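Descriptive structure summary
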Amino acid sequence: MATKNYLLVAAIDFGTTYSGYAFSTREDFQKEPTKVYLKQWVDPAGSSMMYNKTSTCILFDESVNFSKFGFEAEAKYQDLIMDNEHKTWYFFRRFKMTLYDKQSSGDGWFIEDETGKQLPALVVFSESIKYLKDSLLEEAKKQQTDIRVGDIKWILTVPAIWSDPAKTFMRRAAVEAGIDTDILTIALESEAAALFVKHLSIDRQLDGKGGDLFRTFVPGSKYIVVDAGGGTIDITAHEVLNDGTVREIIKSNGGNWGGTSVDGEYLDFIKCFLDFFCIEKALP
Ligand SMILES: Nc1ncnc2c1ncn2[C@@H]1O[C@H](COP(=O)(O)OP(=O)(O)OP(=O)(O)O)[C@@H](O)[C@H]1O
Ligand SMILES: [Mg+2]
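Before going into details, it helps to say that this report is about the structure given with it. (Residues numbered from 1 in each chain as written. Chains lettered and ligands numbered in written order. Predicted model: local features only at pLDDT ≥ 70, side-chain atom pairs only at ≥ 80, totals over all residues. Heavy atoms only, no water.)

1. Topic: the site of ligand 1
Selection criterion: Near, as used in this document, describes a residue that has one of its heavy atoms within 4 Å of the molecule or strand being considered. Under the rule applied, a polar contact is a pair of N or O atoms within 3.5 Å (in protein, one hydrogen donor and one hydrogen acceptor; residues adjacent in sequence only if both atoms are side-chain atoms). The protein chains shown are the only cover counted for residues, whose accessible areas, like all others here, come from Shrake-Rupley with a 1.4 Å probe. Polar here means any residue outside two lists: the nonpolar Ala, Val, Leu, Ile, Met, Phe, Trp, Tyr, Cys and Pro, and the charged Asp, Glu, Lys and Arg; Gly therefore counts as polar.
Taken together, 13 residues lie around ligand 1, and Thr16, Thr17, Lys96, Gly230 and Gly231 are the ones closest in. With respect to ligand 1, the side chain of Thr16 contributes an N or O atom lying 2.6 Å from an oxygen atom. Between ligand 1 and Lys96, the relevant distance is 2.7 Å, taken from an oxygen atom to a side-chain nitrogen or oxygen of the residue. Across the complex, the protein chains shield 57% of the 660 Å² of accessible surface that ligand 1 would expose by itself. By residue class, the composition of the shell around ligand 1 is two nonpolar, eight polar and three charged.

Set out below in structure tokens:
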């Protein structure tokens, strides 16, 4: 099968707490594989600091029309709360992990927003991916004016440890967002990270003059990548082969032990502590 001559490769990292994207032209990739355009995001509620990712939050109005995504969704929802108008809107955050252990097909999956109102999971995920896709296209057009969705090879990353139905669901959501299935690759987050690491100069060697020298991993090197995210921790182990490609030493592994589970445990601890304190105070 002939490979299409895509003008760009674009990658969307859809995270539990933060999401972002990057893209690279064929020319740039051949010159410098790690050179990518990385969208910078500003949090309107905070300082004017720039971030490589925006928060994974999405806001719909009362008629379920898309309103905002990311830091902008958080800021607008805050305003709605201040004006006590938020109860009819739909605000979703940290919803990626609802797919974590899904074992059946995605039909009929619903997710709850901050106030307990439900929407189909496919609407929430596809509108989020659509926002990121449209934003990426807008940025790409600043560099190549007449670029279209079909000129781009799209990569959407998912945790390696997700079930097959969950991975299939992400593909459906992307197609719903306007990315045709034949121009889309679902990649595993931890494997993408492991391949990226192979291009970095991080292997420490002695330079023969008493100093250190850093270079990319030589054939025979083995390395482990631990991607500690908000939802999952994914672990991979690879070996660099003589032809420069890499071999997976063991199957990707991990679990739902990300930062949000630490937040959850901490909140439970505070609740327990306060309950105990209140009971103690109530006792005669
Ligand atoms: N210094 C830190 N120590 C511990 N946790 C941190 C630190 N900085 C960020 N975090 C946590 O890391 C998480 C964000 O990491 P990251 O952006 O890699 O996750 P993600 O891509 O959204 O999640 P996932 O890949 O699991 O879907 C947040 O939960 C945040 O609380
Ligand atoms: Mg991540």
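2. Some words on the layout of surface pockets
For clarity, the cut-off: Here the term cavity refers to a set of points on a 1 Å grid, laid over the protein atoms alone, in which a 1.4 Å probe fits but cannot get out; the term pocket refers to an open set having protein on both sides within 12 Å along at least five of seven lines, with lining residues being those that place an atom within 4 Å of a point. Grid points are joined across faces, edges and corners, and a volume is the space filled by probe spheres set on the points. Helix and strand labels come from DSSP, where a helix needs a run of H or I of at least four residues and a strand needs a run of E of at least two; each type is numbered from the N terminus.
Taken as a whole, the second largest pocket holds about 230 Å³ of empty space. Taken together, 14 residues line the second largest pocket, and the ones lying closest to its centre are Arg93, Arg94, Phe95, Met97 and Thr98. Of all the elements in the fold, those that place two or more residues in the lining of the second largest pocket are β9 (90-93), β10 (110-112) and α6 (259-282). Looking at the lining of the second largest pocket, the element that brings in the most residues is β9, giving three residues.

3. Comments concerning the packing of aromatic side chains
Inclusion rule: Stacked, tilted and edge-to-face are the three classes assigned to paired rings of Phe, Tyr and Trp, where Trp is represented by its six-membered ring and a pair needs centres within 6.5 Å; plane angles under 30 degrees give stacked, over 60 edge-to-face, the rest tilted. Under the scheme applied here, a residue whose accessible area is under 20% of the maximum for its type counts as buried, over 50% as exposed, and between as partly exposed, the area being computed with a 1.4 Å probe on protein chains only. Lysine NZ or arginine CZ positioned within 6 Å of the ring centre and within 35 degrees of the ring normal marks a charge as sitting over the ring.
This structure, assessed with the given rule, holds 16 aromatic pairs. On the basis of an interplanar angle of 65° and a centroid distance of 6.0 Å, the ring pair of Phe14 and Phe95 is categorised as edge-to-face. Of this pair, Phe14 sits in the loop between β1 (8-13) and β2 (18-25) while Phe95 sits in the loop between β9 and β10, and the two are 81 residues apart along the sequence. Each member of the pair, Phe14 as well as Phe95, is classed as buried. Here Lys39 stacks its cationic end above the ring of Trp41, 5.0 Å away from the centre of that ring. Against the face of Tyr90 rests Lys117, its NZ or CZ located 5.2 Å from the ring centre.

4. Thoughts on the sheet that holds strand β18 (residues 246-255)
This is how it is decided: Pairing between two strands requires that DSSP report at least two bridges joining them. Interaxial angle, 0 to 180 degrees, is taken between N-to-C directions of lines fitted to C-alpha atoms, where a helix line uses only the stretch in contact.
One open sheet accounts for three strands, arranged β16-β17-β18; its pairing is antiparallel. Looking at the sheet topology across the chains shown, the edges are occupied by β16 (222-228) and β18. Geometrically, the sheet is characterised by an average inter-axis angle of 15° between neighbouring strands, direction not taken into account. Inspection of the sheet shows strand β17 (residues 233-240) paired to β18 by seven bridges, in the antiparallel sense. Bridged to Glu239 within β18 is Arg247.

Just geometry here; none of it tells us what the structure is for.
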